[in-house]
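Given next are the chains, with one letter for each unit.
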Amino acid sequence: MKPKLSIFDDAETVAERAAESLIEAIRGKPDLVLGLPTGETPLAVYRRLVAAFEAGRVSFRQLATVNVDEYLGAGPEDPRSYAYYMRRHLFRHVDIDPRRTHLPNGLAADPDAEARRYEAVIEGLGGIDCLLLGLGVNGHIAFNEPGSPHTSSTRVVTLAPATLAANGRFFARPEDQPIKAITIGIATILAARRIVVVAVGAAKAPAVQGLFRGDPLSGCPAAALRRHPNTTVILDPSAAAGLSGAC
Ligand code: GLP
């Protein structure tokens, strides 16, 4: 199944299109289960969701969210954690019920048990209706690094050197950067009813190329998305640069 490809002029329009498709999904199903990523790319999407909420165009009151990953060793009050990021950039600005916002607990005493619990939380919510994803420079989706099995569910992973290098900019000192995380699996991702991928900038061009053309079993985790029946990939021209022609 080929993911649908949309290319827009610039990063702002990519964010606008992604935000509008999420807003439309939430309005169509106010108790939607929304899967959310972190990183730099979604920030512009979250700004637009907040603006839409402030303008009275959308409410998050009945929504449930599940984040796709969390660093091991970083609790919700730790600025390095994705729980902190989500509160800072989205949750505290909208009318979402904090009890319906889910992330793996990065401080769990037994991380493997926490991963199993988190997979069960997603199942208990009836699965992910709509999943927003970014792409790692090496084609990772959530923190599923190259070599992740397509049958993988939520689990503890060790981050790839390329990921540590790309994300190093978010940490004041190298020793602050977690090297392990809990991530939802590729099977968890493929079970989402709808997926929206956003990527901007030339650094993502190889990952985008891998998504559309790479060998799903060897190199690029994002290539697994070609097995999903309802995925839209929204890009700016730099991220789409490696696709010339055939898609
Ligand atoms: C992080 C996250 C991913 C995200 C990716 C891209 O490592 N775990 O979910 O999609 O990196 O991040 P950015 O948008 O900052 O390039």
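First things first, this report covers the structure right here in the doc.

Definitions and cut-offs
Residues numbered from 1 in each chain as written. Predicted model: local features only at pLDDT ≥ 70, side-chain atom pairs only at ≥ 80, totals over all residues. Heavy atoms only, no water. Helix = DSSP H or I, 4+ residues; strand = E, 2+ residues; numbered from the N terminus. Rg over C-alpha atoms; globule rule 2.2 N^0.38 Å. Buried < 20%, exposed > 50% of the residue type's maximum accessible area, 1.4 Å probe, protein only. Contact = heavy atoms within 4.5 Å. Areas by Shrake-Rupley, 256 points an atom, 1.4 Å probe, with all protein chains shown as cover. Phe/Tyr/Trp six-rings, centres within 6.5 Å; stacked < 30°, edge-to-face > 60°. Core = buried A, V, L, I, M, F, W, Y, C linked by side-chain atoms within 4.5 Å. Pairing = 2+ DSSP bridges. Right-handed = clockwise from strand over helix to strand, strands pointing away. Axes fitted to C-alpha atoms, helices over the stretch in contact; angles between N-to-C directions. Lys, Arg positive; Asp, Glu negative; His and termini not counted. Salt bridge = Lys/Arg side-chain N within 4 Å of Asp/Glu carboxyl O.

What to know about the overall build of the chain
- From N to C terminus, the chain includes seven helices and 10 strands.
- In terms of overall dimensions, the chain is globule-like: its C-alpha atoms have a radius of gyration of 17 Å, near the 18 Å expected for 247 residues.
- By principal-axis analysis of the C-alpha atoms, the chain measures approximately 45 × 40 × 35 Å.
- In the chain, which comprises 247 residues, the share counted as buried stands at 54%.
- Long-range contacts, defined as pairs at least 24 residues apart, comprise 78% of the intrachain contacts of the chain with a sequence gap of at least 6.
- About 10,700 Å² of surface is accessible on the chain, with carbon and sulfur atoms providing 53% of the total.

Notes on the packing of aromatic side chains
- Under the counting rule described, the total for this entry stands at seven aromatic pairs.
- Both rings, one in Tyr82 and one in Phe143, keep their centres 6.2 Å apart while their planes meet at 20 degrees; by these two values the pair is stacked. A residue pair is termed long-range when its members are at least 10 positions apart, and Tyr82 in helix H3 (residues 82–89) and Phe143 in the loop between strand E6 (130–133) and strand E7 (155–158) qualify at 61 residues. Neither Tyr82 nor Phe143 differs from the other in exposure class; each is buried.
- An aromatic cluster of at least three residues, connected via ring pairs, comprises Tyr46, Tyr71, Tyr82, Tyr85, Phe143 and Phe171.

Some words on the nonpolar core
- Grouped together as the largest cluster of nonpolar side chains are 41 residues, with contacts concentrated most on Leu34, Tyr46, Leu49, Phe60, Met86 and Leu90.
- For this core, the secondary structure elements donating two or more residues are helix H1 (11–28), strand E2 (33–36), helix H2 (41–54), H3, E6 and strand E9 (194–199).
- Counting residues per element, this core draws most heavily on H1, at eight residues.
- Once you skip the residues sitting within four places of it in the chain, Phe60 turns out to touch Ile26, Leu49, Phe53, Val94, Asp95 and Ile96.
- Residues Val33, Leu133, Val208 and Ala240 belong to the second largest nonpolar core, which totals 34 residues.

Topic: the pairing of strand E3 (residues 64–67)
- Of the two faces of E3, both are covered, the one formed by Ala64 and Val66 as well as the one formed by Thr65 and Asn67.
- Here four bridges tie E2 to E3, and the two strands are oriented parallel to one another. Looking at the pairing, Gly35 lines up with Val66 of E3.
- In this fold, the crossover linking E2 to E3 by way of H2 has right-handed handedness.
- Relative to strand E5 (residues 101–102), E3 is paired through two bridges, and the arrangement is parallel. In the strand pairing of E5, Val66 is matched with His102.

Quick notes on the sheet that holds strand E4 (residues 69–71)
- Strand order in this open sheet of three strands is E4-E8-E7, and the pairing throughout is antiparallel. Here the strands that pair on one side only, and so sit at the sheet edges, are E4 and E7. Strand-to-strand twist of the sheet, defined as the mean angle between neighbouring strand axes without regard to direction, takes the value 30 degrees.
- With four bridges connecting them, E7 and strand E8 (residues 180–183) associate as antiparallel partners.

Things to note about the side chain of Asp236
- Mapping Asp236 onto the fold places it in the segment after strand E10 (231–235).
- For Asp236, which is buried and forms no salt bridge, the nearest opposite charge comes from Lys204, at a distance of 9.5 Å.
- Dropping the residues within four chain positions of it, Asp236 is found in contact with Ile7, Phe8, Asp10, Ala11, Val14, Ala199, Val200 and Gly201.

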